[in-house]
Amino acid sequence: MGQKINPLGFRLGITQNHRSYWFAKPKKYSKVFEEDKKIRDCIELYVQKHIKNSSNYGGIARVEIKRKTDLIQVEIYTGFPALLVESRGQGIEQLKLNVQNILSSEDRKLLVLNGHEKVEFLYKQYEHELTIVITQLKQFTEY
């Protein structure tokens, strides 16, 4: 008889990453875990209501939740960069308000990022570093 195993648990750390990054004391673990589930459900519900093509959650590949003591960072990775960016970013702002209403009333900041925004930030950062390297190479070749 074969042993049954969860495919995600089997591949964690090898080919797939965790969906949530946080640490909680044993007494608070279930509460934090339920909050993560509520956040994911809220995002799913928002996409089903507001996005016309809601097949496969409207192109959302994954949702990563990272927690610190006073910050909850939610990263939404989408197949279509402009999926949540409606007129002037109101889509993400509305989603952020919905998620904050669901969470318990503790004083914590909530940061919702679209995966595309994170890629643009990294691209700009590398572009800046590349200009520095190019100027250094030009100075080196002048000598």
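Above this note sits the structure.
Just so you know, these numbers come straight off a predicted model, no measurement behind them.

Novice: Can you break down the side chain of Glu64 residue by residue, with the values?
Specialist: Within the secondary structure layout, Glu64 lies in strand 2 (residues 60-67). The buried category is assigned to Glu64, whose relative accessible area is 5%. Here Arg62 takes part through its side chain, which lies 3.1 Å from a polar atom of the side chain of Glu64. Residues contacting Glu64, with those up to four places away along its chain left out, are His18, Arg19, Tyr21, Gln73, Val74, Glu75 and Tyr77.

Novice: Could you give an account of the packing of aromatic side chains, with specific residues and numbers?
Specialist: For the coordinates displayed, the defined rule picks out 2 aromatic pairs. Ring geometry for Trp22 versus Tyr29: centroids 5.3 Å apart, planes at 45 degrees, classification tilted. Exposure remark for Tyr29: the relative accessible area of 45% places this residue in the partly exposed category. For the ring pair Tyr29 and Phe33, a centre distance of 6.3 Å and an interplane angle of 10 degrees mean the geometry is stacked. Linking Tyr29 with Phe33, this pair stays in helix 2 (residues 29-50), spanning 4 residues, or about one helical turn. Linked through ring pairs, Trp22, Tyr29 and Phe33 together constitute an aromatic cluster.

Novice: A description of the pairing of strand 3 (residues 71-78) should follow, citing residues and the corresponding values.
Specialist: Burial within strand 3 is extensive, with 8 of its 8 residues counted as buried. Every second residue of strand 3 is oriented toward a common face, with Leu71, Gln73, Glu75 and Tyr77 on one face and Ile72, Val74, Ile76 and Thr78 on the other, all of them buried. Where strand 2 meets strand 3, 7 bridges bridge the pair, whose relative direction is antiparallel. Looking across to strand 3, one finds that Arg62 is bridged to Tyr77.

Novice: So what about the pattern of salt bridges? Which residues, and what values?
Specialist: Per the counting criterion, the structure on display carries 5 salt bridges. Measuring nitrogen to oxygen at the nearest pair gives 3.0 Å for the salt bridge that ties Glu35 to Arg67. A residue pair is termed long-range when its members are at least 10 positions apart, and Glu35 in helix 2 and Arg67 in strand 2 qualify at 32 residues. Given the relative accessible area of 6%, Glu35 is considered buried. Exposure remark for Arg67: the relative accessible area of 13% places this residue in the buried category. Taking the shortest distance from any N to any O, the salt bridge between Asp41 and Lys37 comes out at 3.3 Å. One end of the pair, Asp41, and the other, Lys37, are both in helix 2, 4 residues apart, so they sit about a helical turn from each other. For Asp41, a relative accessible area of 33% gives the class partly exposed.

Novice: Account for the pairing of strand 2, with residues named and values stated.
Specialist: Two faces make up the sheet, and in a regular strand the side chains alternate between them. Bridging between strand 1 (residues 20-21) and strand 2 involves 2 bridges; their strand directions are parallel. Within strand 2, the residue paired with Ser20 across the bridge is Ile65. Adjacent in sequence and paired antiparallel, strand 2 and strand 3 are bridged by 3 residues.

Novice: Please give an account of the environment of Leu95 that cites residues and values.
Specialist: Locating Leu95 in the fold gives a position in helix 4 (residues 90-102). Distance from Leu95 to Tyr46, taken between C-alpha atoms, is 6.9 Å for residues 49 residues apart in sequence.

The rules behind these values
- Residues numbered from 1 in each chain as written.
- Predicted model: local features only at pLDDT ≥ 70, side-chain atom pairs only at ≥ 80, totals over all residues.
- Heavy atoms only, no water.
- Helix = DSSP H or I, 4+ residues; strand = E, 2+ residues; numbered from the N terminus.
- Buried < 20%, exposed > 50% of the residue type's maximum accessible area, 1.4 Å probe, protein only.
- Polar contact = N/O pair within 3.5 Å; in protein donor to acceptor, adjacent residues only side chain to side chain.
- Contact = heavy atoms within 4.5 Å.
- Phe/Tyr/Trp six-rings, centres within 6.5 Å; stacked < 30°, edge-to-face > 60°.
- Pairing = 2+ DSSP bridges.
- Salt bridge = Lys/Arg side-chain N within 4 Å of Asp/Glu carboxyl O.

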